Amino acid sequence: MTAGDVRLTIDGREVRVPPGTLIVDAAKRVGVDIPVFCYHPKLEPVGMCRMCLVEIGRPVRDRATGEVQVDDHGTPVLQYGPKLETACTTPVGEGWDVRVSSEKARQGRNEVVEFLLTSHPLDCPICDKGGECPLQNLTLEHGPGKSRFLFDDKIRLDKRVPLGDLIVLDRERCIQCARCVRFQEEIAGDPVLGFFERGRKLEIVTFSDPGFDSYFSGNTTDICPVGALTTADFRFGARPWELNAAASICPHCPVGCNLTLNTRREAVSGGLEVVKRVMPRQNEAVNETWICDKGRFAYHFAASPERLKTPLVRKDGRLVEATWDEALETAAEGMRTAGSRLVGIASGRLSNEDLMALRTAVETVGGRPVLDAPMGGGDFVRRFGLGSQSDLGRLGRGDAVLVIASDLHEEAPIWWLRLRKAAERGAEVIVANARRTRLDEFASHVIRYEYGQAVEALLGIGAAATGETNVRGLVGEAVEAAGKALRSAAELVIFFGAEGLDAKGTAALAQGAAAILARTGHAAKEQSGLVGIWPQANLQGAWDLGWRPTGRGLADVLGEAKAALIAGVDPLGDDPSLGPALGALDFLIVQELFLTETAATADVVLPAQSFIEREGSLTSGEGRVQRYYPAVPAWGEARPDWSISSSLAAGLGAKDLPTSAAAWLERIAEVVPAYHDLSYQALARVEEQWPLVGGDDLYFGGTAYENRQGLGVALASEVERGGSKDVDWPMSPPPQPGPGILAVPVHRLYDRGTTLLPSRVLDPRRVSLYIALNPSDATAIGVGDGEAVSLAWDGQSQTALAVIDPSVPQGAALIPRSAGATLSMPTRVTLLASQPEAAR
Amino acid sequence: MADHILLRHRDIPDLDRLEVYQRHGGFETLRRTIAEKSPQDVIDIVKASGLRGRGGAGFPTGVKWGFLTPDVFPRYVVVNADESEPGTFKDREIMERNPFQLLEGIALCAYAARASTAYVYCRGEFWDLAHELEVRIAEARQKNLLGPKIFGSDFSLEVYVHLGAGAYICGEETALLESMEGKLGQPRLRPPFPAAKGLFGRPTVVNNVETLTNLPPILERGAEWYRSIGTKDSAGPKVFSLSGHVAQPGNYELPLGTTFRTLIFDHGGGVAGGRKIKAILPAGASAPILPATDEVLDTPMDYESVPKVGSMLGSASVIVMDDTVDVAWVALKTTRFFKHESCGKCTPCREGTFWMLRVLERLHSGQDGEGQVDGLYAVARGIEGKCLCPLGEFSIMPVTSGVERFRADFVAHEGDGR
Amino acid sequence: MTASGPRVGILLEKHAAQIEAILARYPSDQKRSAVMPLLYLAQHEYGHVSKAALEEIAGILDLSPTQVGSLVGFYSLYHDEAAGSVRMQICTDLPCALRGAETFARQVCENLGIRLGETTADGVITVEEVMCLAGCDRAPMFQVQDDQGIHYRENQTVESAMAWVAEVRKKHG
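### Some words on the overall build of chain C
Helices and strands together make up the secondary structure of chain C, namely seven helices and four strands. Each helix and strand of chain C, ordered N terminal to C terminal, gives the series α-α-α-α-β-α-α-β-β-β-α. Principal-axis analysis of the C-alpha atoms gives chain C an extent of 55 × 30 × 30 Å. Going through the 173 residues of chain C one by one, you find that 45% of them count as buried.

### A word on the overall build of chain A
The number of helices and strands found in chain A is 24 helices and 35 strands. Projected onto its principal axes, the C-alpha positions of chain A cover 95 × 70 × 65 Å. When contacts within chain A are restricted to residue pairs at least 6 apart in sequence, those whose partners lie at least 24 apart make up 72%.

### Examining the packing of helix 3 (residues 51-61) of chain C against helix 4 (residues 65-74) of chain C
All names here are of chain C. Following both chains from N to C, one finds helix 3 and helix 4 inclined at 125 degrees, their axes separated by 8 Å at the closest point. Comparing their axes, helix 4 and helix 3 come out oblique. Two packed elements cross with a definite hand, and for helix 3 against helix 4 that hand is right-handed. Within the contact between the two elements, helix 3 uses Leu 54, Glu 55, Ile 57 and Ala 58 and helix 4 uses Pro 65, Gln 67, Val 68 and Gly 69. Looking at side-chain class alone, the contact of helix 3 with helix 4 contains five nonpolar, two polar and one charged residues.

### Remarks on the nonpolar core
Of all hydrophobic cores here, the largest spans 473 residues; its most connected members are Val 36 and Val 401 of chain A. Apart from the residues within four sequence positions on either side, Val 401 of chain A is in contact with Leu 395, Leu 419, Ala 422, Ala 427, Val 429, Ile 430, Val 493 and Phe 495 of chain A.

### Quick word on the interface of chain B and chain A
Listed per partner, the contact involves 24 residues of chain B and 25 residues of chain A. Listed by contribution, the elements that provide at least two residues to the side of chain B that touches chain A are helix 15 (327-341), helix 16 (347-365) and helix 17 (372-383) of chain B. It is helix 16 of chain B that contributes the most residues to the side of chain B that touches chain A, nine residues altogether. Within the side of chain B that touches chain A, the residues separate by chemical class into nine nonpolar, nine polar and six charged.

### A few points about the interface of chain B and chain C
With 38 residues of chain B at the interface, the matching set in chain C holds 32 residues. Those elements giving two or more residues to the side of chain B that touches chain C turn out to be helix 7 (127-142), strand 3 (158-163), strand 5 (237-244), strand 9 (317-322) and helix 15 of chain B. Looking at which element gives the most residues to the side of chain B that touches chain C, the answer is helix 15 of chain B, with six residues.

### Details of the sheet that holds strand 33 (residues 796-804) of chain A
Residue and element names in this part refer to chain A. Reading around the circumference, 30-34-31-33-32-35 is the order of the six strands in this closed barrel, with mixed pairing throughout. Across the sheet, the axes of successive neighbouring strands diverge by a mean angle of 45 degrees, strand direction being ignored. Sheet topology places strand 30 (residues 741-746) next to strand 35 (residues 827-833); three bridges connect them, and they run antiparallel. Paired with Ala 743 across the strands is Thr 827, a residue of strand 35.

### Topic: the sheet that holds strand 9 of chain B
All names here are of chain B. Spatially, the five strands line up as an open sheet ordered 6-5-9-7-8, and their pairing is mixed. Single-partner strands in this sheet number two, and they are strand 6 (250-255) and strand 8 (290-291). Inspection of the sheet shows strand 7 (residues 277-285) paired to strand 9 by four bridges, in the antiparallel sense. From the neighbouring strand, Ile 280 faces strand 9, where its bridge partner is Val 320. Lying over the sheet, helix 12 (residues 260-267) contacts strand 5, strand 6, strand 7 and strand 9, oriented at roughly 130 degrees with respect to strand 6.

### Describing helix 3 of chain C
Residue and element names in this part refer to chain C. Counting buried positions over the 11 residues of helix 3 gives eight, a clear majority of the element. Residues of helix 3 that are buried: Ala 53, Leu 54, Glu 55, Glu 56, Ile 57, Ala 58, Ile 60 and Leu 61. Looking one or two residues past helix 3, Asp 62 carries a phi angle of roughly 55 degrees, positive in sign.

### Comments concerning the packing of helix 12 (residues 454-466) of chain A against helix 13 (residues 477-488) of chain A
Residues and elements named next belong to chain A. Running from N to C, helix 12 and helix 13 point in directions that differ by 55 degrees, and their axes come no closer than 7 Å. Accordingly, the angle class assigned to the pair helix 12 and helix 13 is oblique. The handedness of the crossing between helix 12 and helix 13 comes out as right-handed. Listed contacts from helix 13 to Gly 460, Ile 461, Ala 463, Ala 464 and Ala 465 of helix 12 are Val 479, Glu 480, Ala 482, Gly 483, Lys 484, Leu 486 and Arg 487. Of the residues in the contact of helix 12 with helix 13, the class split is seven nonpolar, two polar and three charged.

### Side note on unusual backbone geometry
Note the cis peptide between Phe 73 of chain B and Pro 74 of chain B, where omega equals -5 degrees. Residue position: Pro 74 of chain B is located in the loop between helix 4 (61-66) and strand 1 (76-81). The omega torsion across Ala 139 of chain C and Pro 140 of chain C is -5 degrees, close enough to zero to call that bond cis. The backbone of Phe 236 of chain A shows a phi angle near 60 degrees, a positive value even though the residue is not glycine. Here Phe 236 of chain A lies in the loop between strand 11 (229-231) and strand 12 (244-249).

### With respect to the environment of Asp 41 of chain B
Relative to the helices and strands, Asp 41 of chain B resides in helix 3 (residues 39-49). Among the residues examined, Asp 41 of chain B registers 13 C-beta atoms within 10 Å and is labelled partly exposed.

### Observations regarding the environment of Ala 285 of chain A
All names here are of chain A. As for its position among the elements, Ala 285 is in the loop between strand 14 (272-280) and helix 6 (293-297). For Ala 285, a count of 19 C-beta atoms within 10 Å puts it in the partly exposed group. Each C-alpha atom of the pair Ala 285 and Val 112 lies 36 Å from the other, and the pair is 173 residues apart in sequence.

### A word on the pairing of strand 1 (residues 6-10) of chain A
Residue and element names in this part refer to chain A. Pairing geometry for strand 1 and strand 2 (residues 13-17), over five bridges, is antiparallel. Its bridge partner lying in strand 2, Leu 8 is registered against Val 15. Counting the residues between successive antiparallel strands, the hairpin from strand 1 to strand 2 contains two residues, one of them, Asp 11, with a positive phi of roughly 50 degrees. Sheet analysis places strand 1 next to strand 6 (residues 97-99), joined by two bridges and oriented parallel. By the bridge assignment for strand 6, Thr 9 is matched with Asp 97.

### Remarks on the confidence of the model for chain C
Residues and elements named next belong to chain C. Per-residue confidence for chain C gives a mean pLDDT of 93; residues scoring 70 or more make up 95%. Every residue in residues 1-6 scores below 50 in pLDDT, and together they form 12 contacts with partners more than four places removed in sequence or on other chains. For this predicted complex, the interface confidence reaches an ipTM of 0.95, while the overall pTM sits at 0.96.

### Let's talk about helix 11 (residues 413-424) of chain A
An α-helical segment advances 3.6 residues per turn. Residues three or four places apart therefore align on the same side. All names here are of chain A. Over its 12 residues, helix 11 runs 17 Å from end to end, which matches the ideal 16 Å to within 8%, given 1.5 Å per residue. Counting buried positions over the 12 residues of helix 11 gives 10, a clear majority of the element. On its buried side, helix 11 packs onto helix 4 (179-187), strand 19 (400-404), helix 10 (408-411) and strand 20 (428-433). Note on helix 11: the residue one or two positions beyond its end, Gly 426, has a positive phi of about 115 degrees.

### Considerations on the pairing of strand 16 (residues 318-321) of chain A
Across four bridges, strand 15 (residues 312-315) of chain A lies against strand 16 of chain A in antiparallel orientation. Paired with Lys 315 of chain A across the bridge in strand 16 of chain A is Arg 318 of chain A.

### Some points on the environment of Lys 504 of chain A
With respect to the helices and strands, Lys 504 of chain A occurs in helix 14 (residues 503-519). For Lys 504 of chain A, a count of 15 C-beta atoms within 10 Å translates into the label partly exposed.

Conventions we followed
Residues numbered from 1 in each chain as written. Chains lettered and ligands numbered in written order. Predicted model: local features only at pLDDT ≥ 70, side-chain atom pairs only at ≥ 80, totals over all residues. Helix = DSSP H or I, 4+ residues; strand = E, 2+ residues; numbered from the N terminus. Buried ≥ 20, exposed ≤ 12 C-beta atoms within 10 Å, placed from the backbone. Contact = placed C-beta atoms within 7 Å. Axes fitted to C-alpha atoms, helices over the stretch in contact; angles between N-to-C directions. Parallel < 35°, antiparallel > 145°, perpendicular 65-115°, else oblique. Left-handed = near helix turned anticlockwise from the far one by under 90°. Nonpolar A, V, L, I, M, F, W, Y, C, P; charged D, E, K, R; others polar. Core = buried A, V, L, I, M, F, W, Y, C linked by C-beta atoms within 7 Å. Pairing = 2+ DSSP bridges. pLDDT = per-residue confidence, 0-100. Expected span 1.5 Å × (residues − 1).

Written as structure tokens, this is what we have:
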């Protein structure tokens, strides 16, 4: 409570809230639930459903003096309006008395429920929402036992209208609250849902192609207050009351959305406990109450029948099932023999505990840990990362955000969504990339550069922002304007990606961004800092725990090694040219979920548990360490990666090894300064968040889960902890002109990676291999839209269908990552229109 | 009234031609106003005149202008020409036959509001007249009566016609603004009112066609003259649209406060075929139905008197019904209208109009037993006071007043339960 | 798929100047206001508002096709399906009904051999019932929606209406 707060009573309870607070929210804060359907605390109030009707008494003021009139006892005289009013659209007033449970208010709401039910099918026994349905709950509470409406008068409407591949509409159940329409417009920025017709015929439609074309569509099923919108994935899958809930963290991107996994033990899954659906879990500083559709639907890999269930050991040239003891002994022997010529290769798919344990195992024999990442700069993020109090949701007028070299909408959709809102609140969002992306929609300045010039563009912005003359880069009006915006920003966040860059290039980009933060006075500020848009969920954690990519490429690293221990990554699948280098190893151990191409060539394969079976922690791109929990029993004999590594290390003679995930995090806290405060208890801490969700009143915030399992800990950056702010401007990489076209791998949300493919529900939306070309380049090559084109580089070649797109820069070709092409870095290629035979 | 003030074309042939309008003093008031009066002067005069909005709500026009957020520009004037209330056809006659007086009124309003753009939101069905209006705007613009620097002054005004596309709800001013912005014509929450956040989020004056047509005579002849017409609180002339069972339906310009009897008998020629009047809807479908008693017939038609006998003046669209009419059928017709026109945004109106219509249809089919009339009445009362905008509140008025005042007509339909 | 610019379709090809004039009526950052005029343009071009037309208008105005298509359902003068060449829309609302509009509508339909809402066998005329058209003093009356716009025919009798029908058939037959 602060001075200037408004004081009023709601059902006799005194409330003090800031002016402008809506009655419905004020009531919520003191535990008075005013029922709503159309109102949602994150959407603009519309007052459509009329469910929140209350009586309002306002102090009577003397017309002449403006003074509040008082009665004989000195109490202010209140006047109650003749009409009920909507609590969701009325801001509080000083001295008001709001009656929520009065006879008149209850009667009004009873009538609204009765109206809603005239057109509702009351098919609760077969409805997915049954059990967590606001209409059902409020009907029980408010509805008359018997309707005066004749059942025969009900209109019958379609019960299965697929709005798209992922969301199905039941027209009968819809109560026209427009939450879905408004979510798509106000939050998702994809206005692809609308109303058609009017009056009683009003219905939800989409005219987008494909239907309901939005990466955030699943959220509408959470906020739908009835069973009108259901996901194709969960529809008729289970009843809400049968489901168990376990807290988790999304493993797909560096945002680290908080999830709840709903599971049940079921006969159709052979009596196993399986995940039935993924729901958002509230963390206002990370994902609020939203998740993207990838996070929601791409969990099926964890229960894929292709998962490895037992350890495998190569015997007589073939991988055969083995016991853990045998496999671990064989593996340890291979590691011991290699000694310092062992290389451990890991990725950002592994948890912090896994990475620490793996590093320990590798280093026990003197081997070296190597991070397989296409992107550098994590060390600069640790130094200049976001402050420990940061929250993108608090950025607004006066603040600035720079996003460079990324298609954020495809790479980290929730960040895109949060920046869109920041822009709406007045933050200047500056976007620099070689091509148009959906960030441009809300950018205040857009800087275009040619692929290969990202660092130069950043240096140009840096020069404009600092006025330093020893730094040179791109110049231009947009660069100048961007520099000015950065310089004057109260808080400054810089996101850097890797589009069109290799690991060295991104490292230079990160350094340049760090230099800008340092030289514009934004280092160590509460909300400012550097964020890496990593292609995996825990790459920042890997950097923090000492894992580094090699400067020279995996082939060289493998070439020098005698043995390798590879975990959570499939180098051979990503780059077939690594075949000889892997083949030349004396010994190869792979820890994996699946028998990947790399695993298939291994001497020992150790089955790892997926994120749903175990616990662990991940460090998000924003530097928040978050904990996930086991949701289902282990799959077969699979073990968590940290446990496997611990066993290997123990077998190699390491002492005092942690014996649990929690203990491994404590070990991390001991040895990694930035993590020194961390423990599983600290990660499990929660505090009250607004809006309140997940209570019995599901109508307020939807079915997103309340966070009772931990908000995580936002790490302090090194500069915040008093570290040096010194950083030089990076060298601008020399231009690398060459013949042919620059093929640039780009991220698409629904790719064909091993963790996505098993989610068949995404198949219709999944990207297939294509090469996007500028029209002029397409004409020069002689290829038309949809025709086959082949690309060749370094003795490799690939064929794909051409997509002609004017937003692709001339001289460049965009190729989706993890869609079948093995190109992982920007590469100059030769393009040729394929023969008609090849096209077929 | 000997000389018409609003329907001047009835006295002056070819008044819809610009040279004729100008020959009879047209645009002279605008010229003099711009030269001699400040925008605030105009607002003060209109306030003093007692002019009240002719679209139905009867809100004092000058007061409405006074709510414009100060010092925020640009501002807009939006002319409500969405005339869609059943039984209302006055704005149409003004736009067809006396269009330049409306345009001059728009210019005066824009001058007072310090707006430089005005849109005439015309219902889509008025396709032909809207296109003629566009031609007339172009003519006036060519003569510098509209457009940049009118009469060489600093006042510029562009007037555009914007066509609706068939939605009664767009007559509600915030729904009209939504529609003008290219969205569904669904009413907005108020506040903020259009004077603060109207078209494109800007301060906006929304006035009805007839209201604005009053401005040239008010500014020409003064507030005092205007107040001398009509009654104390309902000043000025009003165009009454008379329809239904009368010998001579049509528009009649009469002072506010003229009685129903004068309108219907002296001007409308009484009931066709010499039958008795049974009932009157004084404001289209959007007001309670009145039994045609002597008390009612002798009631002055102004904003204060009609409520005293249990209805409203509204847009003054007087629908007369003779003694052959079944009021339960009237309720069926009006309910069908409101059910068709409900935008669907709020629950009570969307579901309630649908439910009332179902009950009324069943009642008329004679299928149902006793109690249906009470049921109908209860549903209507359930809608009351809960709607987002006036449409839903209007929808129940012919039903509740019909059941209260002509109960026998309804009960006669209650069958014996088939 | 990857984003691409608005597709140039028939509307832009044939009515570029008119579209420009329509857009000029509204502030440049309020292009959405032009959606209703453009829907009329599309309807007159195609006879009804097709999905392709929605996409074209959406492209011109930087809207989603859903934002455009939604209006077609809300406003009764837009049609998303083809009907007769001419829509004969008879007002049968209360004031007109008091002056015999319902009987008029029934008799017109009988003469045409169709029911309300149907189209004549020759595909020329669709008869529909509509709400008040502000022609109450000249009932019975109807409006004609064709590829040119909307026109009123008032003070009608069944005979005058059928004479008009004959004329229309000559023109569209």
